[in-house]
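# Commentary on secondary and tertiary structure
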Amino acid sequence: MTKLLTKKATKMQKPFDQIQLHAISKAAQAEMQDKLDNLSKPIKGLGQLERLADKLAGIQETTDLKIDQRICLIYCADHGIVSEAVSATSEPLSNVLSANVAEGHACVNALAMRNRCEVKVFDIGLAGNYQTTKMVDEKIQRGTKNMLTSDAMSRQDAVKSIQTGYDNAKQAIADGNQLLLLGEVGLGNTSASSAIVSTMLALPVDDVVDKGSDISVKQFEHKKQVIKDILAARQPDKTDPLGVLSKVGGFEIGATVGTMIAGAEAGVPVIMDGFISDAAAVLAKAFYPDITDHLIASHLSGEKGAQRVLDYLDLKPLLQLGMAVGEGSGAVVALALIDDIQSVLVNMNTLQDLNFEYEN
């Protein structure tokens, strides 16, 4: 596997100089739109579904979309900030939830069955020991540190988290997967994601932070103040995205960044989930400004800062369902739309079949 950082490198603006993102084919995008315009329907009549087809064609460099084999990579990790009472429940629940996904009984699993998607679960930083053999053990540390009192992780562990996600995605692609979906499990990750987004987009904390889990109004106000205190203490620098990840991020967020990079390098579409993958995409864009050309926003998360992030990334969500489940559930739901546009491309008549031409 490609190593993303040499031992000599210390501060990274763009850490992966040896990696080149796969070129987006403007020709394939134009051919796809011509193909859609020639179907027996009003021109541009399918709206965002047509834009989705164009984007997939550009990434895959073909109008013959390859979407049959898909996998959701779910990264599980804990956050030391949970000790500051920013979540509705305590750290051990992450192990229970992660094991439930790995065993195939969670929301994402039910949706994945319907949408023909494999689910693979990785322990990249759970604080406890999980009780299942179906989770891949890639634990970096037993959760991040409490970022109110110290950096969440070392820069070396931040690199390791990105490398782990990159390697897992490369393996998934080598196994024949044509679509990569993102998912995560971990208490405290909306706090970390909010800190990242607030830093990278230079937004006030109050414009970004939401409840995450089902917390009271009083606890929500406390959560916002904790994140403000974290940013004041850690002073993350948005020009140093690796530093932002190490100071206020999470292992699963780093792994998600790595998966995005691997997909963009290989020309494999990457389907984002909710606010956690939104935050990861902001960091990935800091490393590679064009990486959003390879990302598909599945839905608009229920988190407050989600719309601000997607606007910044210039990504339009396929769905707006108010979802805030995590696990990759939104990404899996969006597969139905990809299957829909594929069915249109394969099964519809063309204008020639109807002996019809639009008047100029």
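All values reported here derive from a predicted model rather than from experimental measurement.

### Examining the overall build of the chain
When its secondary structure is counted, the chain shows 12 helices and six strands. Counting only C-alpha atoms and orienting by the principal axes, one finds that the chain spans roughly 70 × 45 × 40 Å. Considering the chain as a whole, with its 360 residues, one finds that 57% of them fall into the buried category. Across the chain, contacts joining residues at least 24 apart in sequence account for 75% of those joining residues at least 6 apart. Summed over its atoms, the accessible surface of the chain is roughly 14,800 Å², and 49% of this surface lies on carbon and sulfur atoms.

### Quick look at the pattern of salt bridges
Evaluated as defined, the whole model comprises 12 salt bridges. K134 serves as the salt-bridge partner of E103, at 3.5 Å between the closest nitrogen and oxygen. Of this pair, E103 sits in the loop between α3 (92–102) and α4 (107–114) while K134 sits in the loop between β2 (118–125) and β3 (136–137), and the two are 31 residues apart along the sequence. A salt bridge links K228 to D206; its shortest N-O distance comes to 3.3 Å.

### Some details on a nonpolar patch on the surface
Together, L93, V96 and L97 make up an exposed nonpolar region whose accessible area comes to about 220 Å². Tracing the backbone through its elements, the reader meets L97 in helix α3.

### Overview of the nonpolar core
Core analysis: the biggest nonpolar cluster contains 70 residues, and M260 and M272 have the highest contact counts within it. The leading source of residues in this core is helix α10 (residues 275–287), at nine residues. By size, the runner-up hydrophobic cluster in this structure holds 41 residues, among which are C72, L318, A331 and A334.

### Some words on the sheet that holds β3
Pairing between sheet strands relies on hydrogen bonds along the backbone, with the strands arranged either parallel or antiparallel. Taken in spatial order, the six strands line up as β3-β2-β1-β4-β5-β6 in an open sheet, and their pairing is parallel. Pairing within the sheet leaves two strands with one partner each, and these edge strands are β3 and β6 (295–297). Direction of pairing for β2 relative to β3: parallel, over a ladder of two bridges. Across the sheet, residue D123 finds its bridge partner in β3, namely D137. Across the sheet, helix α5 (residues 155–174) is in contact with β1 (70–77), β2 and β4 (179–185); its angle to β1 comes to roughly 160°.

### Concerning the confidence of the model for the chain
The predicted model of the chain averages 91 in pLDDT, with 91% of residues at 70 or higher. pLDDT under 50 marks residues 6–14. Its contacts with residues more than four places away, or in other chains, come to 17 contacts.

### Describing the environment of T164
With respect to the helices and strands, the residue T164 is situated in helix α5. On the basis of relative accessible area, T164 is assigned to the buried category, the value being 11%. On a C-alpha basis, the gap between T164 and L179 in space is 18 Å, while along the polypeptide they are 15 residues apart. Ignoring any residue separated from it by four or fewer positions in sequence, one finds T164 in contact with I124, E138 and I140.

### Examining the packing of helix α2 (residues 48–60) against helix α12 (residues 329–347)
Geometrically, a packed helix pair is captured by the angle between its two axes and the distance between the axes. α12 packs onto α2 with a crossing angle of 85° between their chain directions and a minimal axis gap of 10 Å. With respect to their mutual orientation, α2 and α12 come out roughly perpendicular. In this structure, α2 uses L49, L52, A53 and L56 to contact α12, whose residues at the interface are L337, I338 and I341. Partitioning the contact of α2 with α12 into residue classes produces seven nonpolar, no polar and no charged.

### Regarding helix α6 (residues 189–200)
A rise of 1.5 Å per residue sets the reference length of α6, with its 12 residues, at 16 Å; its end C-alpha atoms lie 16 Å apart and thus fit the reference within 8%. Buried residues dominate α6, accounting for 12 of its 12 residues. Check the buried side of α6 and you find it contacts β4, α7 (217–234), α8 (241–248), α9 (251–266), α10 and α11 (306–313). One or two residues past the end of α6 sits A202, with phi positive at roughly 55°.

### Points about the environment of H22
Tracing the backbone through its elements, the reader meets H22 in the segment before α1 (26–37). Each C-alpha atom, one on H22 and one on G267, is 5.2 Å from the other, the two residues being 245 residues apart in sequence. Among the polar contacts listed, one links the side chain of H22 to the side chain of E61, at a separation of 2.9 Å.

### Some points on α9
Taking 1.5 Å per residue as the helical rise, α9 with its 16 residues ought to reach 22 Å, and the 23 Å between its terminal C-alpha atoms agrees with that figure. With 15 of 16 residues buried, α9 is to be regarded as a mostly interior element. At the C-terminal side of α9, G267 shows a positive phi close to 75°.

Cut-offs applied
Residues numbered from 1 in each chain as written. Predicted model: local features only at pLDDT ≥ 70, side-chain atom pairs only at ≥ 80, totals over all residues. Heavy atoms only, no water. Helix = DSSP H or I, 4+ residues; strand = E, 2+ residues; numbered from the N terminus. Buried < 20%, exposed > 50% of the residue type's maximum accessible area, 1.4 Å probe, protein only. Contact = heavy atoms within 4.5 Å. Areas by Shrake-Rupley, 256 points an atom, 1.4 Å probe, with all protein chains shown as cover. Salt bridge = Lys/Arg side-chain N within 4 Å of Asp/Glu carboxyl O. Patch = residues over 30% accessible without salt bridge, like charges linked within 9 Å, V, L, I, M, F, W, Y side chains within 5 Å. Core = buried A, V, L, I, M, F, W, Y, C linked by side-chain atoms within 4.5 Å. Pairing = 2+ DSSP bridges. Axes fitted to C-alpha atoms, helices over the stretch in contact; angles between N-to-C directions. pLDDT = per-residue confidence, 0-100. Parallel < 35°, antiparallel > 145°, perpendicular 65-115°, else oblique. Nonpolar A, V, L, I, M, F, W, Y, C, P; charged D, E, K, R; others polar. Expected span 1.5 Å × (residues − 1). Polar contact = N/O pair within 3.5 Å; in protein donor to acceptor, adjacent residues only side chain to side chain.

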